Amino acid sequence: NEGPLHSDSAVFFSTCVKDLSLDGCLPPRWDAPIFGPQLTSLELRSSWVLGDPDMAPSMTSFSQLLLCTTSLRVLILENIFPRIESGIDYPSMILPVSMRTMRVFSGDYALHRECLFFLVHLIMNGDVHVCAGLEEDEDAPMQELAPLIPAAVRNVFRQHGPPKHLILSDKAFLTHDS
């Protein structure tokens, strides 16, 4: 498959699913009932860059999704992030109080900016294990992202204080256990 499978399956209208893992498959709507208070684990993965930016969640729709998933304990985002929309202020991405683990990873330079903006606007309401990473691309102008990387790290540290476990490398720029 060259791109994402955009599913209109009735499963997205269920309010019983607690653990949802989408790998190369996107929901018909980011406000579907499956993204409700019953959801405890959400994994969104993609091995490709979205050819159509409208397929990724908007900043507002993903912010609303996080507000609706009040029982969410685990959030994993790999190559799927809220798209940055020009002329619109990026809203706060408020994690539910129940959140315990969050992993974000961008394996493609084309998505690094979206990943970092998500982290810069993240608000954590509890003790969250955070792991974030950007895949380094030798040919990509990483210096363009230079101001965003420390801003993302500062935002996580500001909310959690000194880390108990920290890994810095070219694969994962931040792992934070507090």
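Structure's up top.
Rules used in this analysis
Residues numbered from 1 in each chain as written. Predicted model: local features only at pLDDT ≥ 70, side-chain atom pairs only at ≥ 80, totals over all residues. Heavy atoms only, no water. Helix = DSSP H or I, 4+ residues; strand = E, 2+ residues; numbered from the N terminus. Expected span 1.5 Å × (residues − 1). Buried < 20%, exposed > 50% of the residue type's maximum accessible area, 1.4 Å probe, protein only. Arc of directions from axis to C-beta. Polar contact = N/O pair within 3.5 Å; in protein donor to acceptor, adjacent residues only side chain to side chain. Contact = heavy atoms within 4.5 Å. Salt bridge = Lys/Arg side-chain N within 4 Å of Asp/Glu carboxyl O. Axes fitted to C-alpha atoms, helices over the stretch in contact; angles between N-to-C directions. Left-handed = near helix turned anticlockwise from the far one by under 90°. Nonpolar A, V, L, I, M, F, W, Y, C, P; charged D, E, K, R; others polar. Phe/Tyr/Trp six-rings, centres within 6.5 Å; stacked < 30°, edge-to-face > 60°.

Q: So, helix α3 (residues 148-160): which residues are in play, and what are the values?
A: The terminal C-alpha atoms of α3, which comprises 13 residues, lie 19 Å apart, in line with the 18 Å expected from a rise of 1.5 Å per residue. Inspection of α3 places L148, A152, V153, N155, V156 and H160 among the buried residues, and these make up the whole buried set. Take α3 and look down its axis: the buried residues cluster within an arc of 155°, on one side only. Facing away from the buried side of α3, by more than 90 degrees, are the exposed residues R154 and R158.

Q: Outline the side chain of Q38, listing residues and values.
A: Here Q38 is to be found in the loop between β3 (25-26) and β4 (41-45). Here the side chain of Q38 touches V17 through a polar contact of 3.4 Å, landing on its backbone oxygen. For Q38, the side chain forms a polar contact with the main-chain oxygen of I34, separated by 2.8 Å. When sequence neighbours within four positions are dropped, the list of residues in contact with Q38 reads S14, T15, C16, V17, K18 and P33.

Q: Describe the pattern of salt bridges, with residues and values.
A: Pairing between side chains of opposite charge can happen when the charged atoms of each approach one another. Summed over all chains, the structure comprises 4 salt bridges. Between R29 and D31 there is a salt bridge; the shortest N-O distance is 2.7 Å. Taking the relative accessible area as the measure of exposure, R29 reaches 37% and is therefore partly exposed. Using a relative accessible area of 55% as the deciding quantity, one classes D31 as exposed. Salt bridges here are not isolated pairs; linked through shared partners, they connect E43, R45, E78 and R103.

Q: Any details on the packing of helix α2 (residues 109-120) against α3? Residues and values, ideally.
A: The contact between α2 and α3 brings their axes to 8 Å, and the two run at 35°. In this structure, the crossing between α2 and α3 has a hand that is left-handed. Contact residues: α2 offers R113, L116, F117, L119 and V120, while α3 offers L148, I149, A151, A152 and N155. Along the lines of polarity and charge, the residues of the contact of α2 with α3 split into 8 nonpolar, 1 polar and 1 charged.

Q: For the environment of T60, give the residues involved together with the corresponding values.
A: One can find T60 in helix α1 (residues 59-68). T60 sits 33 residues away from M93 along the chain, and the two C-alpha atoms are 9.0 Å apart.

Q: Can you explain the packing of aromatic side chains? Please cite residues and give values.
A: Overall, the coordinates contain 3 aromatic pairs when judged by the stated rule. With a centroid separation of 6.0 Å and 20° between ring planes, the pair formed by W30 and F35 is classed as stacked. On the basis of an interplanar angle of 70° and a centroid distance of 6.0 Å, the ring pair of F62 and F118 is categorised as edge-to-face. Of the two residues, F62 sits in helix α1 while F118 sits in helix α2, which places them 56 residues apart along the sequence. Residues F62 and F118 agree in their burial class; the two are buried.

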